[in-house]
Amino acid sequence: MTSAFLRIRGRITALLPGRGDLAELRRAPRRDLLAGLTVAVVALPLALGFGVSSGLGAEAGLATAVVAGALAAVFGGSNLQVSGPTGAMTVVLVPIVAAHGPSGVLTVGLMAGAMLVALALLRAGKYMQYVPAPVVEGFTLGIACVIGLQQIPNALGVPKPEGDRVLVVTWHAVQEFAKSPNWTAAAFALAVAMLAGARWRPTIPFSILAVIAATVVAEVAGLDAAKPIGDLPSGLPAPSLAFLDPGTLGSLLAPAVAVAALAALESLLSASVADGMTVGQKHDPDRELFGQGLANIAAPLFGGVPATGAIARTAVNVRTGAGSRLAALTHAAILAVIVFAAAPLVSTIPLAALAGVLLATAVRMVEVGSLRAMAKATRSDALILVLTAVATLALDLVYAVIIGLVVAGALALRAVAKQARLEEVPLDRGDHSAEEHALLAEHIVAYRIDGPLFFAGAHRFLLELAEVADVRVIILRMSRVTTIDATGALVLKDAVEKLHRRGIVVMTSGIRAGQRQVLDSVGALELLRLEGREYAGTPEAIKAAHVYLERAGVMPSLPGQLSRSIGEESEETVG
């Protein structure tokens, strides 16, 4: 018990911030402070918008950006990561709100945070590298579509229809707008989307400028059609566990797993993107999971929704010159000041303006160049990308990722299985005369097995081998078999047995030491030793085949001692 406790304590200690992190904060504080200010300006409308989209309100988005943003910055594994509410997480939260209400979302966030901490302790961060790029691109495209469709009701100025299927909700919202158009809201959303999506000056926060302009116009003109966010609390609520109902934990386990999986995937993906945009930066995936876990444990206590690393805000952070965690901490601190000092002003922002910001965000999430490159790479990559994107739109993100991974794995196995080949090879001439070699070639055929011999392609191999034309001896050269599993070993055994029933002797050469255990476990190795032959190299197998044919009366005797030695070896093996 003591040793286990010490191991766990040591593991937790390794995940905590160290002196090196503090030293990083002192390198370029002015540059980090400016970067943090820029990110906060960009993050404000996103935090408000994603809070509204999640169903818990703008105040939940702000609480998440402040609490989760600060904790993930301190305890996370990346110096440049910026965390908070994201569109991908909103996609997952909407059906949870519909099924379990706001308290269910807070409970799910708490459970997901605990799961992320457990994943960090289990060193699960390294497995992110096994997610194929088409799956990542596919669900990013799907998320962008879902985020855009979720904004349609607010962008059109109509009440959000009931339901959690985004396509159905969007269609009903369009029908409602057709009955009673709200052109003011639509104009606000379109104008803000066009400004927020501006790319010609990336350093200028067009999104916040567009939101400010829309708010001023709505207030000055007294436009009732431009529905505002509504009252926001002046500050964060006191931490509380009042929402937690132990009786609901069982029913919320599956949604919590989905949220934890998404938080891990998106956060590690975002941290990897940040590494790729810089030189000399490398995140610690396990520590990143630990930081996101603590952030998601704390955020629900203050009424916040589950959080992840945010790719868009992280990219802004890197582009504006951030070099340490101070930038992300500054972003959270500035948002906290806004919560405490400017809540009345923030509450007047039109919902249509926030919808425009998120529409622009959805459009900017789609990297057309990456999608085009992925689609042109292979048909399999294109299929995985499209399937994942459609599943994200029609089902949900977690199912989409699972479907994408399963299809990618199946296609990868299919590609690997195709690499296995059964190829006839000419017999080595050795020290045989031309006449002997001609007789050998008439009665013996040698095949070389190249590549993996496993479940995905083993039965094709069996069909090829079992249809060999009538000969006396088959030599299987197995030195190039890269891997073999139980299915492959069983298929090989079945093929040898079928050939034996046809009166064909099977000899093998070059079986690797690492493959003997698998062959022996299914009885294939014993079969080869007793009914056929197993030799270290192909020349020995050919000479043994000569002896076998000599005894069958179809080959002349080998020269003296060589014939006797092989014959004795053969008799010993048979005996």
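Here, every reference points to the structure presented above.
One structure accompanies this document, and this report is about it.

Quick notes on the rules
Residues numbered from 1 in each chain as written. Predicted model: local features only at pLDDT ≥ 70, side-chain atom pairs only at ≥ 80, totals over all residues. Heavy atoms only, no water. Helix = DSSP H or I, 4+ residues; strand = E, 2+ residues; numbered from the N terminus. Buried < 20%, exposed > 50% of the residue type's maximum accessible area, 1.4 Å probe, protein only. Contact = heavy atoms within 4.5 Å. 1 Å grid on protein atoms, 1.4 Å probe; cavity = no way out; pocket = protein on both sides within 12 Å on 5 of 7 lines; lining within 4 Å. Points joined across faces, edges and corners; volume = space filled by probe spheres on them. Axes fitted to C-alpha atoms, helices over the stretch in contact; angles between N-to-C directions. Parallel < 35°, antiparallel > 145°, perpendicular 65-115°, else oblique. Left-handed = near helix turned anticlockwise from the far one by under 90°. Expected span 1.5 Å × (residues − 1). Arc of directions from axis to C-beta. Phe/Tyr/Trp six-rings, centres within 6.5 Å; stacked < 30°, edge-to-face > 60°. Patch = residues over 30% accessible without salt bridge, like charges linked within 9 Å, V, L, I, M, F, W, Y side chains within 5 Å. Areas by Shrake-Rupley, 256 points an atom, 1.4 Å probe, with all protein chains shown as cover. Salt bridge = Lys/Arg side-chain N within 4 Å of Asp/Glu carboxyl O. Polar contact = N/O pair within 3.5 Å; in protein donor to acceptor, adjacent residues only side chain to side chain. Pairing = 2+ DSSP bridges. Core = buried A, V, L, I, M, F, W, Y, C linked by side-chain atoms within 4.5 Å. Nonpolar A, V, L, I, M, F, W, Y, C, P; charged D, E, K, R; others polar.

### Looking at the overall build of the protein
Alright, step 1. Helices and strands together make up the secondary structure of the protein, namely 26 helices and eight strands.
Alright, step 2. A burial count over the protein gives 50% of its 575 residues as buried.
Alright, step 3. For the protein, long-range pairs separated by at least 24 residues make up 82% of all intrachain contacts whose partners lie at least 6 apart in sequence.

### Some details on empty space enclosed by the protein
Alright, step 1. Counting across every chain of the model gives two cavities of 30 Å³ or more.
Alright, step 2. Roughly 30 Å³ of internal volume is contained in the second largest cavity.
Alright, step 3. Together, Gly49, Val52, Ser53, Gln151, Asn154, Leu351, Leu354, Ala355 and Leu358 line the second largest cavity.
Alright, step 4. Those elements that place two or more of their residues in the lining of the second largest cavity are helix H3 (29-54) and helix H16 (351-365).

### Concerning the packing of H3 against helix H14 (residues 326-341)
Alright, step 1. At their nearest, the axes of H3 and H14 sit 7 Å apart, and the two run at 50° to each other. In terms of orientation, H3 lies oblique with respect to H14. Here the hand of the crossing between H3 and H14 comes out right-handed. Mapping the contact onto sequence places Pro29, Asp32, Leu33, Ala35, Gly36, Leu37, Val39, Ala40, Ala43 and Leu44 in H3 and Leu326, Ala327, Thr330, His331, Ile334, Leu335 and Ile338 in H14.

### Some details on helix H18 (residues 379-394)
Counting along an α-helix, one turn takes 3.6 residues, and residues three or four places apart therefore face a common direction.
Alright, step 1. Compared with the 22 Å implied by 1.5 Å per residue over 16 residues, the 22 Å span of H18 between its first and last C-alpha is a close match.
Alright, step 2. Looking only at H18, the buried set comprises Ile384, Leu385, Thr388, Ala389, Ala391 and Thr392. For H18, the buried positions fall inside an angular range of 165° around the axis, keeping them on one side.

### Section: the packing of aromatic side chains
Alright, step 1. Within this structure, the stated rule accounts for one aromatic pair.
Alright, step 2. Ring centres of Phe177 and Trp183 lie 5.2 Å apart, and the angle between their planes is 80°; on these two criteria the pair is classed as edge-to-face.
Alright, step 3. By relative accessible area, Trp183 is classed as exposed at 61%.

### Description of the side chain of Ser509
Alright, step 1. Along the chain, Ser509 turns up in strand E7 (residues 505-509).
Alright, step 2. The contact partners of Ser509, leaving out residues within four places of it in the chain, are Leu476, Arg477, Met478, Ser479, Tyr535, Ala536, Gly537 and Thr538.

### Let's talk about the environment of Ala353
Alright, step 1. Counting through the fold element by element, Ala353 comes out in helix H16.
Alright, step 2. Sequence separation of Ala353 and Pro45 is 308 residues, and the distance between their C-alpha atoms is 9.0 Å.

### Side note on a nonpolar patch on the surface
Alright, step 1. Residues Leu395, Tyr399, Ile402 and Val406 make up a contiguous nonpolar surface patch of about 400 Å² in total accessible area.
Alright, step 2. Structurally, the position occupied by Leu395 is in the loop between H18 and helix H19 (397-418).
Alright, step 3. The class for Leu395 is partly exposed, based on a relative accessible area of 42%.

### Brief notes about helix H8 (residues 166-179)
Alright, step 1. The end-to-end C-alpha separation of H8 is 20 Å, in line with the 20 Å expected for 14 residues at 1.5 Å each.
Alright, step 2. All of the buried residues in H8 are Val166, Val169, Thr170, Ala173 and Phe177. Around the axis of H8, the buried residues are gathered within 100° of arc, so they sit on the same side. Exposed positions of H8 whose direction lies more than 90 degrees from the buried face are Trp171, Ala178 and Lys179.

### A few points about the side chain of His331
Alright, step 1. Relative to the helices and strands, His331 is located in helix H14.
Alright, step 2. Of note is the side chain of His331, whose polar atom sits 3.2 Å from the backbone oxygen of Ala328.
Alright, step 3. Discounting chain neighbours no more than four positions away, the residues touching His331 are Gly36, Val39, Ala40, Ala43, Ala65, Gly69, Val82 and Ser83.

### A few points about the pattern of salt bridges
Alright, step 1. Across all of its chains, the model carries two salt bridges by this definition.
Alright, step 2. Here Glu24 makes a salt bridge to Arg27, at a shortest N to O gap of 3.5 Å.
Alright, step 3. The class for Arg27 is exposed, based on a relative accessible area of 66%.
Alright, step 4. For the salt bridge of Asp450 with Arg448, the shortest nitrogen-to-oxygen distance reads 3.4 Å. Arg448 carries the same exposure label as Asp450, and that label is buried.

### A short note on the pairing of strand E4 (residues 444-453)
Alright, step 1. Most of E4 sits inside the fold, with ten of its ten residues counted as buried.
Alright, step 2. Here strand E3 (residues 421-425) runs beside E4; their pairing, made up of five bridges, is antiparallel. Within E4, the residue paired with Val425 across the bridge is Ala446.
Alright, step 3. Bridging between E4 and strand E5 (residues 473-477) involves five bridges; their strand directions are parallel. Bridge pairing in E5 places Ala446 opposite Ile475.

### A few points about the nonpolar core
Alright, step 1. By size, the foremost hydrophobic cluster in this structure holds 87 residues, and its most contacted members are Leu48, Phe139, Ile229, Leu232, Val259, Leu335 and Ile349.
Alright, step 2. Ranked by residues supplied to this core, first place goes to helix H5 (residues 87-121) with 16 residues.
Alright, step 3. Excluding residues within four positions of it along the chain, Leu335 makes contact with Ala40, Ala43, Leu44, Ala65 and Val66.
Alright, step 4. Formed by 26 residues, the second largest nonpolar core is a distinct cluster that contains Tyr447, Leu492, Ala495 and Val522.

### As for the packing of helix H11 (residues 253-276) against helix H12 (residues 285-298)
Alright, step 1. The N-to-C vectors of H11 and H12 enclose an angle of 130°; their axes lie 10 Å apart at closest approach. Between H11 and H12, the angle is such that the two are oblique. The handedness of the crossing between H11 and H12 comes out as right-handed. Contacts between H11 and H12 involve Ala264, Ser267 and Leu268 from the former and Pro285, Glu288, Leu289 and Gln292 from the latter.
Alright, step 2. When grouped by side-chain class, the residues that make up the contact of H11 with H12 number four nonpolar, two polar and one charged.

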